[in-house]
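Overview (structure and organization)
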Amino acid sequence: MTIRNWFKFFLNSMIIGGLITGVLGLFIRWDDAFAKYFEAGQWSEFIAAFVFMVVMGFTISVIAQMGFFAYLTIHQMGVNIFRTLTLWNWVQLLIIAFVIFDLIMFRFRPNAETTGQVWLYGILLAILIITALVVGIIKANKTKKHALISAVFFMIVVSTLEWLPVLMVNADKVDSWVTLLLFPILAVNAYQLLALPKYNAKSDEDRLKLEARRKARREAATAVKGK
């Protein structure tokens, strides 16, 4: 990927993370972060709280991008270590199952003290899995069928690792953060997974155009010297 296309890729991921966190933060964290300023008419504080949410989304986006490029390296290493993509896919399925088990038994279950929290964590887990399957199917249809498992692995395992810091916090009102931060992580990761081929193709086109211009200049310079 060229620097220009990487910058577009990076910037678009940042915008997605920031907007989703900011907009959803207005609803998910309204009572905790916005209601008191709205009721008091403190609009500067209200705007500052919204900007904080957007900046939080930018931060999540950067973390998600680091996770994405780390996964690309790990995926290639996995294929090389296990020699075949089929065997690596089975390993990825085992890791997916382990991560889901870990989420249920060691992250959600200890924190689900009320019926409402049980429903919340169940819904969040369903969103994680359904989103991963949908993105994986789209990815497989756009590229190759064997990309399905790798895409689901990335959307579940890597997204969970990026989500883990807030899942490990044991504090009051952490449920709203757990809920809020899942959405920008999934959105940015889905965007990266589905948009990367487009940026790679555009980078290839840019390199071909650059090479064509260089060749034309060399030919023009040679023609001038020949005269």
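This report concerns the structure included in the present document. Just so we're clear, the structure is a prediction, and the values are computed from it rather than from any experiment. (Residues numbered from 1 in each chain as written. Predicted model: local features only at pLDDT ≥ 70, side-chain atom pairs only at ≥ 80, totals over all residues. Heavy atoms only, no water.)

So, about the layout of surface pockets. Considered as a void within the structure, the largest pocket measures approximately 380 Å³ in volume. Along its surface, the largest pocket is lined by 15 residues, and His75, Lys139, His146, Ala147 and Ser150 are the ones closest to its centre. If you list the elements that add at least two residues to the lining of the largest pocket, you get α3 (43–82), α6 (147–167) and α7 (174–226). If one sorts the elements of the lining of the largest pocket by residue count, α3 sits on top with five residues. Of the residues in the lining of the largest pocket, the class split is eight nonpolar, five polar and two charged. (1 Å grid on protein atoms, 1.4 Å probe; cavity = no way out; pocket = protein on both sides within 12 Å on 5 of 7 lines; lining within 4 Å. Points joined across faces, edges and corners; volume = space filled by probe spheres on them. Helix = DSSP H or I, 4+ residues; strand = E, 2+ residues; numbered from the N terminus. Nonpolar A, V, L, I, M, F, W, Y, C, P; charged D, E, K, R; others polar.)

With that settled, consider unusual backbone geometry. Here arginine 83, not a glycine, exhibits a phi torsion of approximately 70°, which is positive. Within the fold, arginine 83 resides in the loop between α3 and α4 (85–111). Judged by relative accessible area, which is 73%, arginine 83 ranks as exposed. (Buried < 20%, exposed > 50% of the residue type's maximum accessible area, 1.4 Å probe, protein only.)

Here the focus is a positive patch on the surface. A cluster of like positive charges, contributed by Lys209, Arg213, Arg214 and Arg217, occupies part of the molecular surface. Locating arginine 217 in the fold gives a position in helix α7. (Patch = residues over 30% accessible without salt bridge, like charges linked within 9 Å, V, L, I, M, F, W, Y side chains within 5 Å. Areas by Shrake-Rupley, 256 points an atom, 1.4 Å probe, with all protein chains shown as cover. Salt bridge = Lys/Arg side-chain N within 4 Å of Asp/Glu carboxyl O. Lys, Arg positive; Asp, Glu negative; His and termini not counted. Charge placed at Lys NZ, Arg CZ, Asp CG, Glu CD.)

Turning our attention to the packing of α4 against α6. Where α4 contacts α6, the two axes come as close as 10 Å, and the packing angle between them is 30°. Classified by the angle their axes make, α4 and α6 are roughly parallel. Considering only the axes of α4 and α6, their crossing is left-handed. Here α4 contributes Asn89, Gln92, Leu93, Ile95, Ile96, Val99, Ile100, Leu103, Arg107, Phe108 and Asn111 to the contact with α6, which in turn contributes Ile149, Ser150, Val152, Phe153, Ile156, Val157, Thr160, Trp163, Leu164 and Leu167. Broken down by class, the residue content of the contact of α4 with α6 amounts to 15 nonpolar, five polar and one charged. (Axes fitted to C-alpha atoms, helices over the stretch in contact; angles between N-to-C directions. Parallel < 35°, antiparallel > 145°, perpendicular 65-115°, else oblique. Left-handed = near helix turned anticlockwise from the far one by under 90°. Contact = heavy atoms within 4.5 Å.)

So, on to α3. Taking 1.5 Å as the rise per residue, α3 with 40 residues should run 58 Å; its terminal C-alpha atoms sit 57 Å apart, in good agreement. Downstream of α3 by a residue or two, arginine 83 has a phi angle that is positive, lying close to 70°. (Expected span 1.5 Å × (residues − 1).)

Looking now at the packing of α4 against helix α5 (residues 115–142). At their nearest, the axes of α4 and α5 sit 10 Å apart, and the two run at 155° to each other. For the element pair α4 / α5, the angle class is roughly antiparallel. In the crossing of α4 with α5, the sense of the turn from one axis to the other is right-handed. Of α5, the residues touching α4 (which contributes Ile100, Leu103, Ile104, Phe108 and Asn111) are Gln117, Tyr121, Leu125, Leu128 and Ile129. Of the residues contributing to the contact of α4 with α5, the split by class is eight nonpolar, two polar and no charged.

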